[in-house]
Amino acid sequence: MTDKDKGELRAALLEIGAIIPQTDAEVAIYEETNTKADVETDEELMDLDYVLNRGQHLDTSTKSIFEAQHSQHTGFSMAAREGKDIPEDIRNRMKDARDKAKNDI
Amino acid sequence: MEATNRRDFEDEADDMIMLYIAEGDSKQKEVAAQVFLGRYSQYLHRLATSWCRYRYHPDNTARDMVCLTLAKVITEKAGMYDESKGSVKTWLGRILKNVIADEYRKLRDKSPTIVHFDDLDESTEAPPVIDEEEVDVKNVNRVLLEEALSTLSEIERSVLIDYWDLKGMDNLEGRLSAGETRVIAEQYGLTLPNLRQKANRALKKVKKHIEDHQ
């Protein structure tokens, strides 16, 4: 696999929002395909008191924010699902993308 | 340090907003922080939400990731922003990634064996060598890529994305370090060779799906 191919795959992962952009060029790639409409506006995240209280509480907590997810999928159950349980929003997004692709042909 | 009301701050450039947050008086700090949230909290929320969805974390985890990141900026990091190194969005993306790494470390420290694989070759033998030259991802069709990722188990998908996230950065910016790769490996309870093996196997499945449906 060439360096160019690896860059292609990274760009594709950026476009679909699977990874977090780390350079200005990557932010531009991400923003081309991920718009404000993709995620509902969360007014609480613009409330300074809420953000500081919640953020500082989480920062000092010994509990990881990922803990609930891992305890929900303890043991081998994570590997056993084999992609059968796709979240509805991703399913819808895939369907929209497919429809768009068909219309573009 | 002259701005005193919200309207003054709305007109300020990002680097000045960061300066006010870091070094302003208490009123300036507060108003500048509010302007900062107005400009960037939703962007960060979008990043975190899509990141979580590809890893099956619930949306409230994304909110917590955002609160952690924003609080760190406002209370600790605002004075470190350097416009010459990139935009605020780029800088926030880097802080968000560090937040994710820190939270995985907490998880690992608390329950070091919490994540397992049932199909790993954890034998003493070296894992089979995967020939990366066989995997051609030129002109990746994004629709097919999303479909292909959806055929993987959630653990395969996470490993593939996280591993290739670092791998791609290696080529783009030379940032990949053994330390970073080790964090990803430990996050999944894997050895480094097995991380690479798992990621490459998942990549081959993705490639096959794309080839079969093109």
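Quick caveat, the model's predicted, so the values are computed rather than measured. (Residues numbered from 1 in each chain as written. Chains lettered and ligands numbered in written order. Predicted model: local features only at pLDDT ≥ 70, side-chain atom pairs only at ≥ 80, totals over all residues. Heavy atoms only, no water.)

## Observations regarding the overall build of chain B
Worth spelling out the cut-off: Strands are runs of DSSP state E lasting at least two residues, helices are runs of H or I lasting at least four, and both sets are numbered from the N terminus onward. Only protein chains enter the accessibility calculation, which uses a 1.4 Å probe; a residue is then buried when its area is under 20% of its type maximum, exposed when over 50%, and partly exposed in between. Residue contacts are defined here by distance: any two heavy atoms, one from each residue, within 4.5 Å place the two residues in contact. Per-residue and other accessible areas were derived by the Shrake-Rupley procedure at a 1.4 Å probe size, with only the shown protein chains allowed to occlude residues.
The helix and strand tally for chain B stands at 9 helices and 0 strands. Along its sequence from the N terminus, chain B presents helices and strands in the succession α-α-α-α-α-α-α-α-α. Counting all 214 residues of chain B, 53% fall into the buried class. Expressed as a percentage of contacts within chain B between residues at least 6 apart in sequence, the contacts between residues at least 24 apart total 67%. Summing over all exposed atoms, chain B offers an accessible surface of approximately 9,400 Å²; the carbon and sulfur share of this is 47%.

## A few points about the packing of aromatic side chains
The following threshold applies: Stacked, tilted and edge-to-face are the three classes applied to pairs of Phe, Tyr and Trp rings, where Trp contributes its six-membered ring and a pair requires centres within 6.5 Å; stacked means planes under 30 degrees apart, edge-to-face means over 60, and tilted covers the rest.
What the rule picks out here adds up to 5 aromatic pairs over all chains. When the centroid spacing of 5.8 Å and the interplanar angle of 35° are considered together, the rings of Phe66 of chain A and Trp51 of chain B count as tilted. Of this pair, Phe66 of chain A sits in the loop between helix 3 (48-60) and helix 4 (67-72) while Trp51 of chain B sits in helix 3 (residues 26-53), each in a different chain. With relative accessibility at 0%, the residue Phe66 of chain A sits in the buried group. On the basis of an interplanar angle of 45° and a centroid distance of 6.0 Å, the ring pair of Phe36 of chain B and Tyr40 of chain B is categorised as tilted. Of this pair, Phe36 of chain B and Tyr40 of chain B are both found in helix 3, 4 residues apart, which corresponds to roughly one turn of the helix. Of the two residues examined, Phe36 of chain B and Tyr40 of chain B, each falls in the buried class.

## Section: helix 4 (residues 59-77) of chain B
The test is simple: Expected helix span is taken as 1.5 Å per residue step, with the number of steps being one fewer than the number of residues.
The first and last C-alpha atoms of helix 4 of chain B sit 25 Å apart over 19 residues, in line with the 27 Å expected at 1.5 Å per residue. Counting buried residues along helix 4 of chain B, 14 of its 19 residues qualify, which places the element largely inside the surrounding structure.

## Points about the confidence of the model for chain A
Residue and element names in this part refer to chain A. As a reminder of what qualifies: Think of pLDDT as the predictor's per-residue confidence, scored from 0 to 100.
Here chain A averages 72 in pLDDT, while 54% of its residues score no lower than 70. Within chain A, no element has a lower average pLDDT than helix 5 (residues 77-80), which sits at 35, and none a higher one than helix 3, at 96. Low pLDDT, under 50, characterises residues 71-85; the predicted model gives this stretch 25 contacts beyond four residues in sequence or across chains.

## Quick notes on the packing of helix 6 (residues 142-150) of chain B against helix 9 (residues 192-213) of chain B
Residues and elements named next belong to chain B. Selection criterion: Helix axes use the C-alpha atoms of the stretch in contact, all axes being lines fitted to C-alpha atoms, and the angles between their N-to-C directions lie in the range 0 to 180 degrees. Between 65 and 115 degrees an angle is taken as roughly perpendicular, under 35 as roughly parallel, over 145 as roughly antiparallel, and anywhere else as oblique. The sense of a crossing depends on the near helix, which, turned anticlockwise from the far helix by less than a right angle, makes the crossing left-handed and, turned clockwise, makes it right-handed. For this classification, the nonpolar set comprises Ala, Val, Leu, Ile, Met, Phe, Trp, Tyr, Cys and Pro, the charged set comprises Asp, Glu, Lys and Arg, and every other residue, Gly included, is treated as polar.
As a packed pair, helix 6 and helix 9 sit with axes 9 Å apart at the nearest point and diverge in direction by 130°. By the angle class used here, helix 6 and helix 9 are oblique. Taken as a pair, helix 6 and helix 9 cross one another with a handedness that is right-handed. Residues Leu144, Leu145, Glu147, Ala148 and Leu149 of helix 6 pack against Val206, His209, Ile210 and His213 of helix 9. Taken together, the residues of the contact of helix 6 with helix 9 break down into 6 nonpolar, 2 polar and 1 charged.

## So, helix 6 of chain B
Most of helix 6 of chain B sits out of view: 7 of its 9 residues are buried. Taken residue by residue, helix 6 of chain B has Leu144, Leu145, Glu146, Glu147, Ala148, Leu149 and Ser150 of chain B as its buried positions.

## Regarding the pattern of salt bridges
If charged atoms from side chains of opposite charge come close, those side chains can pair. Put simply, the rule is: The term salt bridge refers to a pairing of a side-chain nitrogen on Lys or Arg with a carboxyl oxygen on Asp or Glu at a separation within 4 Å.
Tallied over the entire structure, the rule returns 12 salt bridges over all chains. A salt bridge links Glu31 of chain A to Arg46 of chain B; its shortest N-O distance comes to 3.7 Å. In this pair, Glu31 of chain A is assigned in helix 2 (residues 24-33) and Arg46 of chain B in helix 3, connecting two distinct chains. Overall, Glu31 of chain A belongs to the partly exposed group, its relative accessible area being 27%. Asp212 of chain B is the salt-bridge partner of Lys208 of chain B, the closest N and O atoms lying 2.8 Å from each other. Of this pair, Lys208 of chain B and Asp212 of chain B are both found in helix 9, 4 residues apart, which corresponds to roughly one turn of the helix.

## Re the confidence of the model for chain B
When the pLDDT values of chain B are averaged, the result is 78; 74% of them are 70 or greater. The ipTM value of the predicted complex is 0.75, and its pTM value is 0.74.

## Brief notes about the packing of helix 2 (residues 14-23) of chain B against helix 3 of chain B
When two helices pack together, you describe them by how their axes are tilted relative to each other and by the distance separating the axes. Residues and elements named next belong to chain B. It is the contact of helix 2 with helix 3, at a shortest axis distance of 8 Å, that shows an interaxial angle of 140°. Classified by the angle their axes make, helix 2 and helix 3 are oblique. In the packing of helix 2 onto helix 3, the handedness of the crossing is left-handed. Touching Asp14, Ile17, Met18, Tyr20, Ile21, Ala22 and Glu23 of helix 2 are Gln28, Lys29, Ala32, Ala33, Val35, Phe36, Arg39 and Tyr40, all from helix 3. Its residues assigned to classes, the contact of helix 2 with helix 3 comprises 10 nonpolar, 1 polar and 4 charged.

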